[in-house]
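Breakdown of the fold
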Amino acid sequence: MLGSLQLLQPTTVGEASSALRDFAERGRIYAGGAELLLLMRHGFLQSEILVDVKKIDRLHRITSNDGLLCVGACVTHHALETDPVVREHAPSFAYAESQVANVRVRNQGTLGGNLCFNDPHSDPGTVLLVHNASVTLGSQRGERQLQLNDFFLDVYETALEPDELMLDVRIPPLPAGMISAYLRLHRFQRPTLGIAVALKMNNGKIAESRLAVGCIGPKAQRLSELETKINGSSINDAKQILAGQKNYFRDLLRPVDDLLGSADYKLYMTHVLLGQALEQATISRHPVISFPLDGERTG
Ligand SMILES: Cc1cc2nc3c(=O)[nH]c(=O)nc-3n(C[C@H](O)[C@H](O)[C@H](O)COP(=O)(O)OP(=O)(O)OC[C@H]3O[C@@H](n4cnc5c(N)ncnc54)[C@H](O)[C@@H]3O)c2cc1C
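Our subject in this report is the structure included herewith. Here the structure is a predicted model, which means the values were calculated and not measured.

Our focus in this paragraph is the sheet that holds strand β10 (residues 165-171). The five strands lie next to each other as β4-β5-β10-β6-β7, forming an open sheet whose pairing is antiparallel. At either end of the open sheet lies a strand with only one pairing partner, and these are β4 (62-65) and β7 (142-147). Mean inter-strand twist for the sheet, computed between neighbouring axes without regard to direction, equals 25 degrees. Bridge count for strand β6 (residues 134-139) against β7 is six bridges, and the pairing is antiparallel. When the bridges of β7 are listed, S139 appears paired with G142. The strands that helix α1 (residues 13-23) touches are β6 and β10; relative to β10, the one it contacts most, it runs at about 130 degrees.

You can see V127 is positioned in helix α8 (residues 124-130). Those residues in contact with V127 that lie beyond four places of it in its chain are S92, F93, A96, Y182 and A196.

Bringing empty space enclosed by the protein into the picture now. Inspection of every chain in the model, using the stated rule, returns one cavity of 30 Å³ or more. The volume enclosed by the largest cavity comes to roughly 90 Å³. Taken together, 13 residues line the largest cavity, and the ones lying closest to its centre are N118, D119, S122, F152 and A220. Counting only elements with at least two residues in the lining of the largest cavity, the list comes to α7 (111-117) and α8. Residue composition of the lining of the largest cavity, by class: five nonpolar, six polar and two charged.

Okay, the site of the ligand next. Of all residues adjacent to the ligand, which total 31 residues, the nearest are I29, G32, H77, T110 and D123. Measuring from an oxygen atom of the ligand, one finds a backbone N or O atom of A101 at 3.0 Å. A distance of 2.7 Å is found between an oxygen atom of the ligand and a side-chain nitrogen or oxygen belonging to R184. Protein chains bury 94% of the 970 Å² of accessible surface belonging to the ligand in isolation. Within the residue set of the shell around the ligand, elements represented by two or more residues are β2 (27-30), α2 (36-41), α7 and β10.

The next point concerns the sheet that holds strand β1 (residues 6-8). Taken in spatial order, the three strands of this open sheet run β1-β3-β2, and their pairing is parallel. Across the chains shown, the open sheet's two edge strands, defined by having one partner strand only, are β1 and β2. Across the sheet, the axes of successive neighbouring strands diverge by a mean angle of 30 degrees, strand direction being ignored. Where α1 meets the sheet, its contacts fall on β1, β2 and β3 (49-52), and the angle it forms with β3 comes to roughly 165 degrees.

It is worth spelling out the pattern of salt bridges at this point. Applying the stated criterion to the full structure yields 16 salt bridges. Among the ionic pairs, R190 bridges to E35, the shortest N-O distance being 3.2 Å. Within this pair, whereas R190 is found in the loop between β11 (179-185) and β12 (193-202), its partner E35 is found in the loop between β2 and α2, the two being separated by 155 residues in sequence. Relative accessible area serves as the criterion here: at 23%, E35 is assigned to the partly exposed category.

The rules behind each value
Residues numbered from 1 in each chain as written. Predicted model: local features only at pLDDT ≥ 70, side-chain atom pairs only at ≥ 80, totals over all residues. Heavy atoms only, no water. Pairing = 2+ DSSP bridges. Helix = DSSP H or I, 4+ residues; strand = E, 2+ residues; numbered from the N terminus. Axes fitted to C-alpha atoms, helices over the stretch in contact; angles between N-to-C directions. Contact = heavy atoms within 4.5 Å. 1 Å grid on protein atoms, 1.4 Å probe; cavity = no way out; pocket = protein on both sides within 12 Å on 5 of 7 lines; lining within 4 Å. Points joined across faces, edges and corners; volume = space filled by probe spheres on them. Nonpolar A, V, L, I, M, F, W, Y, C, P; charged D, E, K, R; others polar. Near = heavy atom within 4 Å. Polar contact = N/O pair within 3.5 Å; in protein donor to acceptor, adjacent residues only side chain to side chain. Areas by Shrake-Rupley, 256 points an atom, 1.4 Å probe, with all protein chains shown as cover. Salt bridge = Lys/Arg side-chain N within 4 Å of Asp/Glu carboxyl O. Buried < 20%, exposed > 50% of the residue type's maximum accessible area, 1.4 Å probe, protein only.

Here it is as structure tokens:
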């Protein structure tokens, strides 16, 4: 049961930020409520005032300028999986969005809510890392840009200041000729493992690579050191290199045993799925979208 709550509905970033500053610990940003209301209902979070940011127009926009896709923080997962501009610009991201939870959560939950909550078992952040995405954070003090990599700090921890809200996510295109893939392992609705790969091939060799892993440790991570190691290799050689990286994966990704699997299982599957994603990134028909509009899972 939820106790009585006060709902504020600011229409500007400045108003929302002032409310966060004034109410401090008593206030919380409320977007889709998919996470927030669950936490409050189960007594994990107490809040007296909800600052509903959905009345702020700019948080709902999807725009594309000079090849840069800008997605407002309140755009829902469902809008992202179905938007033709998003599917064309970042097909693996749109695909990842189509795999989030179920239709109800995808209609209710927002990209901003997902990234700001920073639950490790999430899909969008991993694939956004291979796009070198950045986020715009705003308050009554102004706006700032941060690389998504720097925004994610630790489990449920981000670089947001107490009076800040996320305004949008900026998604650059992949370099010309680079193809991406997103693979996910799940036993329940939330993913056990998410793998994002983007490759540019030249004469059967990897000319440039971007790799990211999410879900198995505290936060989604780029594998920059491994990217350097596999550049110049064939896909088969790259898979051999992956096979010898167990310690690197363990140190960087810090996998944990939980209900979704043991740390050893997650590490093993990281190497398996990375290999599969490398294969897929050489054959995906980017930028043609090859997944159905409603996503593969409709449950
Ligand atoms: C049953 C279930 C299954 C799920 N499965 C998946 C899955 O498979 N993959 C996956 O990726 N995710 C999954 N999720 C998570 C889901 O994607 C997120 O819950 C959702 O995106 C959160 O968005 P929201 O708008 O509902 O956030 P809210 O619940 O409204 O807010 C979440 C948190 O973010 C803060 N917040 C929200 N918007 C902003 C903003 N603009 N600026 C600053 N802070 C903000 C809030 O204060 C709160 O702390 C699942 C959730 C549920 C309930």
